[in-house]
Amino acid sequence: MEYLRNLGSVAVSTLVQKSGINLPFTLGLKVASCETFWSLYDATKRDDGHPVSVFEYDLIHPLNKTTSPLARNALRKLRTIRHPDVLKFMDVVESDGAILIMTERVKPLQNALQVMLVRGQQEKEEWLLWGLHRVSVALSFINDSASSTHGNIRTTSIFITPSGEWKLGGFEVLSNPKDDLAVLYTMGGLLPDAMAFASPEVKKSGWSALKDGPIHAADSYALGLLLHTVFNPADPPPPTVHPPHPPPQPSSRGSIPQSVFPSFKKLLHPNPKSRTPPKTFLDLGMTETAGDGSGFFSNNRLVKVCGGLDNFSLNNEAEKVALLRMLKDSASSFPPEFAAFRILPSLVSALEFGGASAASIVPLILQFGNSVPSEEHCRTVLTPLVTLYANPDRGTRMALLDSLPEYAEKLDKKVVVDQVWPNIQTGFSDTVAVIREATIRAMVLLSPKLNDRILNNDLLRHLARMQSDPEDSIRTNTCILIGRLGPTLGYNAKRKVLVPAFSRSLKDTFVHARVAGLMAFMATSECYDIEDIAGKVIPCIAGATLDKEKLVRDQAFKAIELFVKKLEAHAAAMVQSLCVHSHMP
């Protein structure tokens, strides 16, 4: 069975085979695991095939029996704490053998850190600070709004989404001090390597010492250790064994940015009451005014982009223009996963509001779409663009039509027929002329993807009406389009439509429409029976040889010459055929 593929857990196998529980996901490869606690799997939702992750806690493993209350605490807290920077809970399956929690698709931070080692220094620093910003926001929420202590801030409790965003998990000991069953104070030491990440007061007096300190004390200290770890992965942690330990010295800064170092030292203050809370650390980082130890988040490019995109609908036009210009100018310098899975979906969402920004956003969507893996391109780029054809906003429609040359080739014929055509055809009757004209131009690109019914009936009916449009350029472009479509039309459509359509253009008051009619006749010269050339085409063209405009007259004589040569060639073939028959015995 597919959902047993690559499983290493007896508990999961037993759960599926003996319990009869219908899993809401299909398990894939194991991504990470430790001897005890959680194993992380890639998975897909069974109902829609969407990528997800599954955290499995093996209740059968002997070493896990004493720590199962931590796993249940993690499940309970993950269910109730909902925040954009917290790992998104989706579903859970529980049995006597295992707990399986389904979340958004993520990978461990440690895996992402290894990938970042080969990236440029500036890109790596930007990404690390962006991640620490998101962790600080999540911790501020947990400490202040949820009145709780996380108690397990480390690289193994942070997970990375496909967009590169950091999500806080690891809620095994997350506790509210008012909770009589708070596991942080009674079972905090059962976490793997618990003392390695513990604050000085815990190392001195045990986990119960946290009851007497500020609610943020343990998390602030752990945040400082995390900061040191991600920027200096090869260096030992600051000395914390025997408090009060000395503050970190400038010589130990390593790769920690100079602007962050003063705040970093305050996170590791040996006195819990003097330790900087995550909220204060966050506020210092977001301070706009320049100063020692401030602004390290507000000046971060990824933080700026996310803030601008998240608040796009609330920004004024000047702010929108500045953000979109910055995205355009620096598109190639963003991490590929950030561009494809963070910026791109936000731009698509921003387009839902339409307006003047659409003309700038659609080209950006296509530009950032180049970062999307080919297997994801249709779902991530093309599907949202196709959906936007149903948007009544004219700015959005114009932006889609103007950029059509960049994505028309990638559109599937069925998508064009079923989704694009029903919406785009409304443009033929739009009251705004530029929409009508852009719709006509779009048909040049989309007509090869239309079925015979639309091409020979629906589209031609629209174009017949467009030949009476009050705009000169629209009538001209309509004639040109019919000329291009001519060779692809069915035999009956050619005989019924082409000569009347081009004859109509020859009577147009606009000189270039008349020229277009003549050129369309020439472009479709292979579409007419020889009898129609003699009896319909040449008689229609002949009148144009006396047009008041020399441009039209010159084109008419060229057309006459072309079709007369066809008649001459046919007549010569007729003579030769007669000669052959006359010599037959």
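All residue numbers refer to positions counted from 1 along the written sequence of the respective chain. For this predicted model, a pLDDT threshold of at least 70 governs which residues receive local features, and a threshold of 80 or more governs which side-chain atom pairs are given and counted, while totals over whole chains, interfaces and linings are taken from all residues. To get the side-chain values, take all heavy atoms of the structure and skip hydrogens and water.

Under an unreviewed UniProt entry, the name given to the protein is Protein kinase domain-containing protein, and the source organism is Scleroderma citrinum Foug A.

Enquirer: Before we go on, may I ask you to explain the overall build of the protein in this structure?
Expert: Helix and strand definitions follow DSSP, with helices as H or I runs of at least four residues and strands as E runs of at least two, each counted in order from the N terminus. Scanning the protein from N- to C-terminus turns up 24 helices and eight strands. Put simply, the radius of gyration uses C-alpha atoms, and a globule should come to 2.2 Å times the residue count raised to 0.38. Here the protein has a C-alpha radius of gyration of 35 Å; the compact-globule value for 585 residues is 25 Å, and the former is much larger. In terms of its C-alpha atoms, the protein occupies a principal-axis envelope of roughly 120 × 60 × 40 Å. Note on classification: 1.4 Å probe, protein chains only; a residue is buried when its accessible area is under 20% of the maximum for its type, exposed when over 50%, partly exposed between these limits. Counting over 585 residues, the protein shows a buried share of 52%.

Enquirer: Just checking my understanding: could you explain the layout of surface pockets for this structure?
Expert: To locate leftover empty space, one rolls a probe as large as a water molecule over the atoms. Definitions used throughout: a 1 Å grid over protein atoms alone; a cavity as a set of points that fits a 1.4 Å probe which cannot get out; a pocket as an open set with protein on both sides within 12 Å along at least five of seven lines; a lining residue as one with an atom within 4 Å of a point. Grid points are joined across faces, edges and corners, and a volume is the space filled by probe spheres set on the points. Estimates place the volume of the largest pocket at around 1000 Å³. The biggest single contributor to the lining of the largest pocket is helix H12 (residues 336-351), with six residues. Amino acids are sorted into nonpolar (Ala, Val, Leu, Ile, Met, Phe, Trp, Tyr, Cys and Pro), charged (Asp, Glu, Lys and Arg) and polar (every other residue, Gly among them). Taken together, the residues of the lining of the largest pocket sort by class into 14 nonpolar, six polar and twelve charged.

Enquirer: How do you make sense of the environment of Leu132 when you look at a structure like this?
Expert: Mapped onto the fold, Leu132 is located in helix H4 (residues 121-145). Each C-alpha atom of the pair Leu132 and Thr380 lies 27 Å from the other, and the pair is 248 residues apart in sequence.

Enquirer: Please clarify how empty space enclosed by the protein should be interpreted in this entry.
Expert: Throughout the structure, instances matching the rule amount to two cavities of 30 Å³ or more. The calculated volume of the largest cavity comes to roughly 100 Å³. Gly151, Asn152, Ile153, Arg154, Leu191, Ala194, Phe197, Ala198, Ser199, Trp207, Ala218 and Ala222 together form the lining of the largest cavity. Counted by class, the lining of the largest cavity contains eight nonpolar, three polar and one charged residues. Roughly 40 Å³ of volume is contained in the second largest cavity. Lys494, Arg495, Val499, Cys527, Tyr528, Asp529 and Asp532 are the residues that line the second largest cavity. Here the lining of the second largest cavity gets three residues from one element, more than from any other, and that element is helix H21 (residues 491-506). Of the residues contributing to the lining of the second largest cavity, the split by class is three nonpolar, no polar and four charged.

Enquirer: Looking at this model, I keep getting lost on helix H22 (residues 511-523). Mind explaining?
Expert: What sets the pattern is the α-helix's 3.6 residues per turn: residues three or four places apart point alike. Here H22 spans 18 Å end to end across 13 residues, near enough to the 18 Å set by a 1.5 Å rise per residue. The complete set of buried residues in H22 reads Val511, Ala513, Arg514, Val515, Ala516, Gly517, Leu518, Ala520 and Phe521. Helix span, as expected, comes to 1.5 Å for every residue beyond the first.

Enquirer: How should the sheet that holds strand E7 (residues 158-160) be read in this particular structure?
Expert: To summarise the sheet geometry, strands pair through backbone hydrogen bonds and adopt either a parallel or an antiparallel arrangement. Spatial strand order, E6-E7-E8: three strands in an open sheet with antiparallel pairing. Either end of the sheet is taken by a strand with one partner, and the two such strands are strand E6 (107-108) and strand E8 (166-168). Here the rule is simple: two strands pair whenever DSSP picks up at least two bridges between them. For E7 and E8, the ladder comprises three bridges, and the chain directions are antiparallel. Within the sheet, the bridge partner assigned to Ile158 lies in E8 and is Leu168. Along the sheet, H4 makes contact with E7 and E8, crossing E8 at roughly 25 degrees. Whether two residues are in contact is decided by their heavy atoms: any pair within 4.5 Å suffices. Axes here mean lines fitted to C-alpha atoms, for a helix over just the part in contact, with angles spanning 0 to 180 degrees between N-to-C directions.

Enquirer: Please clarify how the environment of Gly170 should be interpreted in this entry.
Expert: Turning to its location among the elements, Gly170 is positioned in the loop between E8 and helix H5 (183-187). Here the alpha-carbon distance between Gly170 and Phe261, two residues 91 residues apart in the chain, equals 26 Å. Apart from the residues lying within four places of it in its own chain, the contact partners of Gly170 are His150, Asn152, Ser157 and Phe159.

Enquirer: When you look at the packing of helix H19 (residues 452-466) against helix H20 (residues 472-485) in this model, what are you seeing that I'm missing?
Expert: When two helices pack together, their arrangement is given by the angle between their axes and by how far apart the axes lie. Where H19 contacts H20, the axes come no closer than 9 Å and their chain directions differ by 155 degrees. When the axes of H19 and H20 are compared, the pair comes out roughly antiparallel. In this structure, the crossing between H19 and H20 has a hand that is left-handed. Contacts between H19 and H20 involve Leu455, Leu459, Leu463 and Met466 from the former and Ile474, Arg475, Thr478, Leu481, Ile482 and Leu485 from the latter. Partitioning the contact of H19 with H20 into residue classes produces eight nonpolar, one polar and one charged. Here the word oblique covers every angle except those under 35 degrees (roughly parallel), over 145 (roughly antiparallel) and from 65 to 115 (roughly perpendicular). In this scheme the handedness of a crossing depends on how the near helix is turned from the far one: anticlockwise by less than a right angle means left-handed, clockwise means right-handed.

Enquirer: Before we go on, may I ask you to explain the pairing of strand E4 (residues 89-94) in this structure?
Expert: Put simply, side chains in a regular strand alternate between the two faces of the sheet. Summarising the sheet, E4 and strand E5 (residues 98-104) pair through five bridges and their orientation is antiparallel. Residue pairing across strands places Phe89 opposite Thr103, the latter belonging to E5. Where E4 folds back onto E5 in an antiparallel hairpin, the turn is made up of three residues.

Enquirer: Is there a simple way to think about the domain arrangement of the protein in this case?
Expert: By a frequent convention, interface size equals the accessible area lost on bringing the separate parts together. Residue ranges for the domains originate in an automatic or database domain assignment. For the protein, the assigned domains read domain 1 (10-106), domain 2 (109-286), domain 3 (300-410) and domain 4 (451-571). For domain 1 and domain 4, the distance between their C-alpha centres works out to 68 Å.

Enquirer: Mind showing me how you'd approach the pattern of salt bridges here?
Expert: Opposite charge on two side chains makes pairing possible when the charged atoms of those side chains draw close. One side-chain nitrogen of Lys or Arg within 4 Å of one carboxyl oxygen of Asp or Glu is enough to make a salt bridge. Evaluation of the coordinates by the stated rule reveals 29 salt bridges. The shortest N-O distance in the salt bridge between Arg105 and Asp42 comes to 3.6 Å. Highlighted residues: Arg105 in the loop between E5 and E6 and Asp42 in strand E2 (residues 38-45), separated in sequence by 63 residues. For Arg134, the salt bridge is made with Asp85, and the minimal N-O distance between the two is 2.7 Å. Of this pair, Arg134 sits in helix H4 while Asp85 sits in the loop between helix H2 (68-80) and E4, and the two are 49 residues apart along the sequence. Judged by relative accessible area, Asp85 falls into the buried class, the value being 4%. Connected through salt bridges with shared partners, the residues Arg495, Asp529, Asp532 and Lys536 form a single ionic network.

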